[in-house]
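# Per-entry structural report
Below are the chains, spelled out letter by letter.
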Amino acid sequence: MAFQSKKLINDPNDVVTEFIEGLIETYPGLQYLDGFPEVKVVLRADVSGEKYDKVAVISGGGSGHEPAHAGFVGEGMLTAAICGDVFTSPNVDSIVAGIRAVTGPMGCLLIVKNYTGDRLNFGLAAEQAKSEGYKVEMVIVGDDCALPPPRGIAGRRGLAGTILVHKVAGAAAACGLPLADVAAEAKRASEMVGTMGVALSVCTLPGQVTSDRLGPGKMELGLGIHGEPGAAVADLQPVDVVVSHVLKEILSSETNYVPITRGSRVVLLINGLGATPLMELMIIAGKAVPGLQLEHGLAVDRVYTGSLMTSLDMAGFSISVMKADQAILDRLDAPTKAPNWPVGADGNRPPAKIPVPLPPPHSIQSDKTLSRPEKLISLGHILEAAIEAAATELVNLRDNLNEWDSKVGDGDCGSTMFRGAVAILEDMKNYPLNDPAETVNEIGSSIRRVMGGTSGILYDIFCKAAYAKLKADSELVITALHWADALEAAIAAVSKYGGARAGYRTLLDALIPALSALKERLSAGDNPVDAFVISAEAAVAGAESTKHMQAQAGRSTYIPGDVLASIPDPGAMAAAAWYRAAALAIKEKCSTA
């Protein structure tokens, strides 16, 4: 059964921007960057990145969870919130704009809910900001306790417990602590909290029809905050029974998701999902507190009740339980002007919006740097040959990659890599080939422009991290060891933000063996070109070995093992192909020089 929902909106495409405009009119302590509709950033009106002398705490994600995250911007909590479209991760440009707007010499902490889009977009933004000279740390929150320990890298979803992490981090930053300490407190808080949700209805996206997939008399246990199905559908039960079940799941000794045992002190958060009356939330709170005390032997030190991280108009609630000690309680009790903690804001009304900040002067390259040199040096010729060979190999490999991917993925790996390769071949006439670092950065820009999906953003992260490492060595003559270090940094960044490691059946299973062989041969004193070629063979062998791996990342995790056993991972094969083509081109170029 489906019906057209009733919404107090204008154009469904404008709901986020119009929400932000109304928020700023309501709370004079907040501003937004005037970059609508692409850039949607809410920030403290009293903070200027250039002069701010404390760690900036930044969070965000898709909209539709209001008041999270923009309603928690204020002194003592978030410094800025990056707002994506409804249930859609914010784009990298918006996140970078927010970082530039509020980050001073102390740096910034990004608090990210554990969803792939958020991890990758915030991760790439972090690398971009680092390359511009900012100090950035990131903490990922996965507090979901509804699902059993997952296979692969998706992990536990970020839910309402993230708000408690915001408060702890914001209070630590307000005390003037350095970035490493603020990040450590946020990470510790994220490890102390568990959450589970219950829905009585699905949510309705603006402009779409409402569908009651649950039907009458049903509830959904263990759902996320984007309307995705939960762990189970059950008959609606009295609230006492439901609350007792949720608390047992959060505190289960089998999953051991939170380090809470009998005698622990805890904080309780009862969160409405958007359409749950405060009366019902208070009923839930009234059942949860004695349940924690009598059934589980816990001391409940604080209770927060309200609709704090919603799912549009979903009827339902979530419960978060956080292990508390005096240090955490002090952070939660610290004053804040974030309007929806809730605390009122005061002070004079500043301008409602300020311009989107430009990159700092030290990160803006000159026109000369970003264009092809009039005359290429030897290194420039070698880079040109390697880039052209690598991109051409991916162009030629399109059909094979698509064929493999049609059996273990969604069938577009070859087309995606083809688009990136063609863009590189078109753009390389303007690459600053005499400057290795800037050339790698421009390759990332070409990829970002045309490559979609996870592959595009992972390769962009790869290039950004390699660029930052090479840039740090820019005062030196770039040697083979510097290239190896850049490859190592790029692999580490892809693993950090994508979540994959060796053996997960990804492109890293080609690149990690290549790095190992390259460093081994260089340390043994081999000729750098020979070492590169040997490492390329290791990349090919690593890619081929993915046939024998159980997928733990991407769509291949849903494919039966007997199918995977006959097909190598397309992403690994693509990485091995361009790496080997570049190595052979360099060998040929150097032998004819």
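Residues numbered from 1 in each chain as written. Predicted model: local features only at pLDDT ≥ 70, side-chain atom pairs only at ≥ 80, totals over all residues. Heavy atoms only, no water.

Per an unreviewed UniProt entry, the protein chain is named 3,4-dihydroxy-2-butanone kinase isoform X2, and its organism is Nicotiana tabacum.

### Considering the side chain of Gln128
Inspection of the secondary structure assignment puts Gln128 in helix α3 (residues 116–131). Once residues lying within four places of it in the same chain are set aside, the contact partners of Gln128 are Val96, Arg100, Arg448 and Lys464. (Helix = DSSP H or I, 4+ residues; strand = E, 2+ residues; numbered from the N terminus. Contact = heavy atoms within 4.5 Å.)

### Notes on the pairing of strand β13 (residues 299–306)
Pairing of strand β12 (residues 265–272) with β13, which is carried by seven bridges, proceeds in the parallel orientation. Residue pairing across strands places Leu268 opposite Val303, the latter belonging to β13. Between β12 and its parallel partner β13, the chain crosses via helix α7 (residues 278–295), and the hand of that crossover is right-handed. (Pairing = 2+ DSSP bridges. Right-handed = clockwise from strand over helix to strand, strands pointing away.)

### Section: the pattern of salt bridges
Scanning the model with the defined rule gives 26 salt bridges in all. Arg302 is the partner of Asp333 in a salt bridge, and the nearest nitrogen-oxygen pair spans 2.5 Å. With Asp333 in helix α8 (residues 326–333) and Arg302 in strand β13, the pair connects residues that are 31 residues apart, well separated along the chain. Owing to a relative accessible area of 41%, Asp333 belongs among the partly exposed residues under this scheme. (Salt bridge = Lys/Arg side-chain N within 4 Å of Asp/Glu carboxyl O. Buried < 20%, exposed > 50% of the residue type's maximum accessible area, 1.4 Å probe, protein only.)

### Here's the deal with the sheet that holds strand β7 (residues 136–141)
Sheet strands associate in pairs through backbone hydrogen bonding, adopting either a parallel or an antiparallel arrangement. The sheet built from seven strands is open, its strands ordered β7-β6-β4-β5-β3-β2-β15 with mixed pairing. Strands at the two margins of the open sheet, each flanked by one partner only, are β7 and β15 (353–354). Judged from the three bridges that link them, strand β3 (residues 41–44) and strand β5 (residues 80–86) form a sheet pairing that is antiparallel. Across the sheet, Val41 pairs through a bridge with Ile82, a residue of β5.

### What about the pairing of strand β4 (residues 56–63)?
Here β4 lies mainly inside the structure; eight of its eight residues are buried. Relative to strand β6 (residues 108–113), β4 is paired through four bridges, and the arrangement is parallel. Each bridged residue has a counterpart across the sheet, and for Ile58 the counterpart in β6 is Leu110. Inspection of the sheet shows β4 paired to β5 by five bridges, in the parallel sense. Across the sheet, the residue bridging to Gly60 is Ile82, located in β5.

### Overview of a negative patch on the surface
Side chains of Asp11, Asp14, Glu18, Glu21 and Glu25 sit close together on the surface and give a patch of like negative charge. Topologically, Glu21 is positioned in helix α1 (residues 15–26). (Patch = residues over 30% accessible without salt bridge, like charges linked within 9 Å, V, L, I, M, F, W, Y side chains within 5 Å. Areas by Shrake-Rupley, 256 points an atom, 1.4 Å probe, with all protein chains shown as cover. Lys, Arg positive; Asp, Glu negative; His and termini not counted. Charge placed at Lys NZ, Arg CZ, Asp CG, Glu CD.)

### Considering the packing of aromatic side chains
A full pass over the atoms with the stated rule returns seven aromatic pairs. Summarising the aromatic geometry, the rings of Tyr304 and Trp341 are spaced 5.0 Å apart at their centres and angled 45 degrees between planes, so their arrangement reads as tilted. You can see Tyr304 sitting in strand β13 and its partner Trp341 sitting in the loop between α8 and β15, a full 37 residues away along the chain. The same class applies to Tyr304 and to Trp341, which are both buried. (Phe/Tyr/Trp six-rings, centres within 6.5 Å; stacked < 30°, edge-to-face > 60°.)

### Quick word on helix α12 (residues 436–450)
Taking 1.5 Å as the rise per residue, α12 with 15 residues should run 21 Å; its terminal C-alpha atoms sit 22 Å apart, in good agreement. Where burial is concerned, most of α12 is hidden: eleven out of the 15 residues are buried. Contacts from the buried residues of α12 go to α9 (378–396), α11 (413–427), α13 (453–472) and α14 (480–498). Measuring from the side-chain oxygen of the N-cap residue of α12 to the backbone nitrogen of Ala437 gives 3.2 Å; that N-cap residue is Asp435. (Expected span 1.5 Å × (residues − 1). Polar contact = N/O pair within 3.5 Å; in protein donor to acceptor, adjacent residues only side chain to side chain.)

### With respect to the sheet that holds β13
Overall, mixed pairing links the six strands, which are arranged β11-β10-β8-β14-β12-β13 in an open sheet. Strands with a single pairing partner mark the edges of an open sheet, and in this sheet they are β11 (232–235) and β13. Between one strand and the next, the sheet's axes are offset by a mean angle of 20 degrees, whatever the strand orientation. Bridge count between strand β10 (residues 218–221) and β11: four bridges; the pairing is antiparallel. Paired with Lys218 across the strands is Asp235, a residue of β11. Sheet strands touched by helix α4 (residues 161–174): β8 (193–199), β12, β13 and β14 (316–323). Its angle to β8, the strand with the most contacts, is close to 145 degrees. Lying over the sheet, α8 contacts β12, β13 and β14, oriented at roughly 30 degrees with respect to β13. (Axes fitted to C-alpha atoms, helices over the stretch in contact; angles between N-to-C directions.)

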